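The residues making up each chain are set out below.
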Amino acid sequence: MFGPVNNFLTLVFWLLSVGAFILSLWALVHAVRMPARAFAAAGKLTKQLWLVILGLATLFTFAPAVNYMGMGMGMPGLLTIVAVIASGVYLADVKPAVSQYRGGGNQGPYGPW
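Treat the numbers as computed from the prediction; the structure is a model and nothing was measured.

Rules behind the numbers
Residues numbered from 1 in each chain as written. Predicted model: local features only at pLDDT ≥ 70, side-chain atom pairs only at ≥ 80, totals over all residues. Heavy atoms only, no water. Core = buried A, V, L, I, M, F, W, Y, C linked by side-chain atoms within 4.5 Å. Buried < 20%, exposed > 50% of the residue type's maximum accessible area, 1.4 Å probe, protein only. Helix = DSSP H or I, 4+ residues; strand = E, 2+ residues; numbered from the N terminus. Contact = heavy atoms within 4.5 Å. Salt bridge = Lys/Arg side-chain N within 4 Å of Asp/Glu carboxyl O. Expected span 1.5 Å × (residues − 1).

Caption draft 1: Here's a closer look at the nonpolar core. Listed in full, the 12 residues of the largest apolar core are Ala27, Leu28, Ala31, Met34, Ala38, Phe39, Trp50, Leu54, Tyr90, Leu91, Val94 and Val98. Of all the secondary-structure elements, those providing two or more residues to this core are α1 (3–33), α2 (36–41), α3 (47–66) and α4 (78–99). Ranked by residue count, the leading element in this core is α4, at four residues. Once residues within four sequence positions are removed from consideration, tryptophan 50 is found in contact with Phe39, Leu45, Ala86, Val89, Tyr90 and Val94.

See below:
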């Protein structure tokens, strides 16, 4: 009786889980690529602390995303929501602040050379 509805909700939760994993992975990759001095210059938490936070966020969003393949911890839960919030805070607040400080060693009048 609830077969089609249940399949549809399973698909929706799986898509949300995959979207949360991609969001967390995007934030983690950006944090890895930024120099450590950019975080200090922007007045944010250290790079190492953000890497730990975003690494855990990626782990906690990866588990529900692969659950539908027969492994993982289950449907998105509280840890997944916290992970998405942490990744969102990084992307909305920290990423714009530290992106200003990305620079190469050789800066010319028109950019790096």
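Next comes the rest of the account.
Caption draft 2: Main features of the pattern of salt bridges. Within this structure, the stated rule accounts for one salt bridge. Across the salt bridge formed by aspartate 93 and lysine 44, the nearest N and O atoms sit 3.2 Å from each other. Taken together, the positions of aspartate 93 in helix α4 and lysine 44 in the loop between α2 and α3 put the pair 49 residues apart, joining distant regions of the chain. The class of lysine 44 is partly exposed, set by a relative accessible area of 26%.

Caption draft 3: Expanded view of α3. Over its 20 residues, α3 runs 28 Å from end to end, which matches the ideal 28 Å to within 8%, given 1.5 Å per residue. Among the residues of α3, those classed as buried are Lys47, Trp50, Leu54, Ala57, Thr58, Thr61, Ala63, Pro64, Ala65 and Val66.

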